[in-house]
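# An overview of the molecular structure
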Number of protein chains: 2
Amino acid sequence: MFTLLQKESRAPATCPGPASTQDLDSNYGDGLERECSRKPDQKGIINLGTSENKLCFDLLSRRLSQSDMLRVEPSLLQYPDWRGHQFLREEVARFLSFYCKRPTPLKPENVVVLNGCASLFSALATVLCEVGEAFLIPTPYYGAITQHVYLYGHVRLVCVYLDSEVTGLDTRPFQLTVERLEMALQRANSEGVKVKGLILINPHNPLGDIYSPGELRDYLEFAKRHELHVMVDEVYMLSVFEKSAAYCSVLSLEGLPDPQRTHVMWATSKDFGMSGLRFGTLYTENRDVATAVASLCRYHGLSGLVQYQMAQLLRDRDWINQVYLPENHARLKAAHTYVAGELRAMGIPFLSRGAGFFIWVDLRKFLPEATFKEEMLLWRRFLDNKVLLSCGKTFECKEPGWFRLVFSDKAHRLCLGMQRVRQVLGGKSQVAEEPRSCQTQEPRSQRR
Amino acid sequence: MFTLLQKESRAPATCPGPASTQDLDSNYGDGLERECSRKPDQKGIINLGTSENKLCFDLLSRRLSQSDMLRVEPSLLQYPDWRGHQFLREEVARFLSFYCKRPTPLKPENVVVLNGCASLFSALATVLCEVGEAFLIPTPYYGAITQHVYLYGHVRLVCVYLDSEVTGLDTRPFQLTVERLEMALQRANSEGVKVKGLILINPHNPLGDIYSPGELRDYLEFAKRHELHVMVDEVYMLSVFEKSAAYCSVLSLEGLPDPQRTHVMWATSKDFGMSGLRFGTLYTENRDVATAVASLCRYHGLSGLVQYQMAQLLRDRDWINQVYLPENHARLKAAHTYVAGELRAMGIPFLSRGAGFFIWVDLRKFLPEATFKEEMLLWRRFLDNKVLLSCGKTFECKEPGWFRLVFSDKAHRLCLGMQRVRQVLGGKSQVAEEPRSCQTQEPRSQRR
């Protein structure tokens with residue numbers, strides 16, 4: 001009985017992190033109901049662990065509250081096409097064509113919409129694999145994917161372990177190479193694990209890395225050689241806030257190596273800061289996969305009213321290009337600059353590539369021993385000091401001591417959070433007594 | 001590869017019916033987009049197969065378009081409590097307490113909300129069973145449940161076959177008895193099938209039956225004796241349009257035999273005629289089950305904005321009690337009266353108990369032989385004549401020749417549909433040449 005609980009306990013263990021702590025202190029703010037009234041103060045926990053963008057609720061609330069967002073038609077109240085309403089799939093195709101810089105227009109018939117990328121991982125795993133089969137995934141990676149592919153699909157992840165060591169001029173920490181992919185695949189094969197696909201996250205969570213077009217093509221060619229499906233998670237594609245960072249969507253590549261096995265995921269949860277809206281989308285040229293995923297969409301459907309709202313949002317290019325994206329990027333950059341400055345002041349090394357909501361922080365020198373037990377103890381010390389971070393173990397990082405720190409939050413919470421981080425690390429490193437000035441948000445005038 | 005397709009082919013076969021035909025002609029109407037512009041006419045297929053209530057879009061559109069329905073708060077855009085926002089679970093508990101005539105108030109902590117009852121069946125099956133285990137279900141039954149419990153959960157249904165023969169004064173056609181339940185359970189046990197639960201649908205789909213409090217208690221006592229979970233699907237509980245029909249929700253029973261194994265399902269899809277809104281809810285006193293289902297709700301989540309809308313709708317008792325329910329019931333009754341009259345005029349026997357959107361029609365005398373092949377041929381003749389019905393095989397009915405006919409549609413479509421039914425059956429029975437008058441809709445003044 002209660003199979004799920006047993007199943008969960010059999011799934012790869014994760015330490016507390018984004019999957020299990022997302023509700024912590026995530027509902028403060030403007031106060032709709034009881035749950036919104038918990039204002040963070042000196043007593044509350046500051047959540048720098050959950051990857052949400054809390055910088056643009058003002059812009060989003062204003063746009064989503066406009067009268068064009070509430071339209072109730074009979075067709076929206078009836079059973080939908082489970083792939084999503086045609087008008088929305090057309091809009092998604094146009095949107096992705098434009099923002100992914102697709103050479104030729106994407107086709108609505110290759111689009112499936114559903115209630116978020118967690119569901120999409122679950123459905124794709126179920127569709128592409130038999131029970132017990134596996135996907136390759138480079139580590140560290142967004143740990144919730146372990147559950148997404150396992151809980152319903154019983155699909156395992158085979159880790160491609162990367163490390164922080166830089167081995168040459170052209171390399172960076174935790175760099176994914178085809179050699180690593182080949183090794184992991186061979187090891188899985190030798191252990192009798194049937195690998196059916198590869199998961200890529202780009203921009204990367206938690207590294208913030210962006211794959212170059214050449215890298216992307218190398219990974220895709222590797223997959224093609226081994227007849228592996230590739231799921232490309234691009235949920236941070238519009239959250240590249242550093243102008244110098246040149247992002248390349250897999251959909252922009254001319255002549256994809258294996259389009260029938262390349263499946264692209266996007267959602268509004270990150271790029272439009274709306275994890276609670278539950279909207280995600282699949283783009284695949286493989287009609288069998290699209291049809292099979294769609295037949296599961298009965299369990300992952302989103303309201304017709306929300307489908308209408310999303311179509312309205314995605315088609316409003318003026319607002320997206322002239323209001324939302326520039327403002328969002330400016331705020332993300334300001335918040336990032338503040339946290340990066342704090343970390344530098346504390347002498348803490350970190351990685352950050354100008355994309356995403358987080359900084360991958362190297363706290364190895366704060367561990368008495370290089371063990372995950374010590375990492376957990378440090379994580380616990382942060383929590384005891386009322387600041388939540390995500391520890392590297394959550395991301396299956398093989399080196400103890402890395403943490404993901406989310407910076408996409410309002411200045412007053414961010415400052416308080418960083419102050420608490422400093423207090424915890426204070427005994428181990430040089431830290432300022434008082435928090436530095438943190439004028440990070442709303443650097444530009446609010447429009448619309 | 002494409003496991004799902006293989007899985008589907010291994011699932012119990014269903015003939016075309018509600019699960020596979022729901023998109024047919026379901027998007028006519030007031031025309032939002034291309035898909036809404038297909039107006040039914042002499043050329044289109046009239047869908048009397050999909051159980052949707054199309055009688056009250058005017059009332060629903062007006063209510064859902066009111067300005068109180070569009071509220072955008074940061075908490076609604078952030079990761080939710082996966083069981084559903086607290087404010088909505090409180091409203092659901094109040095709503096069910098009132099409409100289920102619960103002696104004591106239901107508790108919000110026993111409520112889980114998600115995107116429809118299809119998802120709820122899927123999650124409950126996964127949570128309560130191991131792969132290959134089974135639920136008992138009396139036949140005929142809403143056939144899509146077969147997929148709901150199988151596609152993700154790999155759970156089978158063990159049919160409790162009922163028949164139309166009336167064996168005594170106190171019996172009715174397709175009556176469920178404890179003896180039948182015991183026999184089916186014994187047979188399953190003897191075949192090595194592990195049965196973990198029982199599914200009850202009340203009001204019943206497709207029979208329209210309503211279980212009496214005594215019957216309900218008997219079934220629940222049976223389940224308790226055998227330590228079976230009971231899933232009670234009450235999605236038609238407010239669609240009892242016949243005043244003389246006394247409906248009794250399982251939640252109204254004092255002293256439930258086994259509350260820890262009794263799980264109640266409700267949704268807005270039927271009772272509020274909004275299949276496309278995707279809102280369903282579980283009520284269970286079993287905290288382990290609620291927690292386990294909630295952990296799967298990440299894959300069945302609904303938008304925070306919709307959660308807000310549903311809370312607004314459910315708390316508007318004035319509108320529900322004084323506008324929506326009386327008008328909806330009057331329209332359902334008028335449509336039912338029309339179709340029942342047509343069937344009587346054709347000399348066709350049928351069952352109907354004053355609940356639901358459908359009439360269970362006995363067309364056995366129109367089959368040259370009592371086989372499912374002949375049933376399918378008749379179903380096909382209807383479709384060739386551009387009217388869609390659901391055949392009994394779809395509901396695992398053991399007697400060939402029964403059909404479910406949905407009457408909850410606008411007069412012009414209903415009349416055309418019945419005219420086509422008559423044309424098909426014309427050679428076999430006495431039928432009128434011209435359709436009878438069908439003033440079935442909007443019998444009362446529109447309010448609000």
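Residues numbered from 1 in each chain as written. Chains lettered and ligands numbered in written order. Predicted model: local features only at pLDDT ≥ 70, side-chain atom pairs only at ≥ 80, totals over all residues. Heavy atoms only, no water.

In terms of regular secondary structure, chain A is built from 15 helices and 13 strands. When the 448 residues of chain A are sorted by exposure, 68% land in the buried category. Nonlocal contacts in chain A, meaning residues at least 24 apart in sequence, comprise 76% of its contacts between residues at least 6 apart. (Helix = DSSP H or I, 4+ residues; strand = E, 2+ residues; numbered from the N terminus. Buried < 20%, exposed > 50% of the residue type's maximum accessible area, 1.4 Å probe, protein only. Contact = heavy atoms within 4.5 Å.)

What follows is about the pairing of strand S6 (residues 229-233) of chain B. All names here are of chain B. In terms of residue burial, S6 counts as a mostly covered element, since 5 of its 5 residues are buried. Neither face of S6 is exposed, since His229, Met231 and Asp233 on one face and Val230 and Val232 on the opposite face are all buried. Two elements, strand S5 (residues 195-201) and S6, share 5 bridges in a ladder whose sense is parallel. What sits directly across from Gly197, in S6, is His229. In the classification by handedness, the crossover that spans S5, the intervening helix H9 (residues 213-225) and the parallel S6 is right-handed. Where S6 lies against strand S7 (residues 262-267), 4 bridges are found, and the strand directions are parallel. Across the sheet, residue Asp233 finds its bridge partner in S7, namely Met265. (Pairing = 2+ DSSP bridges. Right-handed = clockwise from strand over helix to strand, strands pointing away.)

Let us look at the packing of helix H3 (residues 57-64) of chain A against helix H13 (residues 317-345) of chain A. All names here are of chain A. As a packed pair, H3 and H13 sit with axes 10 Å apart at the nearest point and diverge in direction by 160°. Our classification of the angle between H3 and H13 gives roughly antiparallel. Once H3 is placed against H13, the crossing between them reads as left-handed. Touching Asp58, Leu59, Leu60 and Arg63 of H3 are Trp319, Val323, Tyr324, Glu327 and Arg331, all from H13. (Axes fitted to C-alpha atoms, helices over the stretch in contact; angles between N-to-C directions. Parallel < 35°, antiparallel > 145°, perpendicular 65-115°, else oblique. Left-handed = near helix turned anticlockwise from the far one by under 90°.)

What follows concerns the confidence of the model for chain A. All names here are of chain A. Averaged over every residue, the pLDDT of chain A is 88; the share at 70 or more is 85%. The low-confidence segment residues 1-40, where pLDDT is below 50, has 119 contacts with residues more than four positions distant or belonging to other chains. Across residues 428-448, confidence stays below pLDDT 50; counting only partners more than four residues off in sequence or on other chains, it has 56 contacts. (pLDDT = per-residue confidence, 0-100.)

Moving on to the packing of helix H8 (residues 178-190) of chain B against H9(B). Two quantities define a packed helix pair, namely the angle between the axes and the distance from one axis to the other. Residues and elements named next belong to chain B. Remark: H8 packs on H9, axes separated minimally by 10 Å, with the N-to-C direction vectors making an angle of 30°. Viewed along their axes, H8 and H9 adopt a mutual orientation that is roughly parallel. Where H8 crosses over H9, the handedness of that crossing is right-handed. Across from Val178, Leu181, Glu182 and Leu185 in H8, the residues of H9 making contact are Asp218, Tyr219, Phe222 and Arg225. When grouped by side-chain class, the residues that make up the contact of H8 with H9 number 5 nonpolar, no polar and 3 charged. (Nonpolar A, V, L, I, M, F, W, Y, C, P; charged D, E, K, R; others polar.)

Once that is clear, we can look at the state of the cysteines. Covalent bonding between the sulfur atoms of two cysteines is what defines a disulfide. Applying the stated criterion across every chain, the model contains 0 disulfides over all chains. Cysteine Cys129(A) is unpaired, with the sulfur of Cys159(A) as its nearest cysteine sulfur at 15 Å. Overall, the relative accessible area of 1% leaves Cys129(A) in the buried class. Free cysteine: Cys248(B), not disulfide-bonded; nearest cysteine sulfur from Cys100(B) at 9.5 Å. Assessed through its relative accessible area of 8%, Cys248(B) is described here as buried. (Disulfide = S-S within 2.5 Å.)

Glancing now at the domain arrangement of chain A. All names here are of chain A. One can read the domain layout of chain A as domain 1 (3-61 + 319-428) and domain 2 (73-315). At the junction of the two partners, domain 1 supplies 41 residues and domain 2 supplies 47 residues. Around 3800 Å² of area is buried between domain 1 and domain 2 when both sides are counted, 62% of it from carbon and sulfur atoms. If you look at where domain 1 meets domain 2, you find 3 salt bridges. For Lys398, the salt bridge is made with Asp163, and the minimal N-O distance between the two is 3.7 Å. In this assembly, domain 1 and domain 2 are joined by 16 residue pairs in polar contact (both at pLDDT 80 or more). Secondary-structure elements contributing two or more residues to the side of domain 1 that touches domain 2 are helix H1 (3-10), helix H2 (18-21), H3, H13, strand S10 (358-362) and strand S13 (402-406). (Domains from an automatic or database assignment. Buried area = accessible area lost by both parts, 1.4 Å probe. Salt bridge = Lys/Arg side-chain N within 4 Å of Asp/Glu carboxyl O. Polar contact = N/O pair within 3.5 Å; in protein donor to acceptor, adjacent residues only side chain to side chain.)

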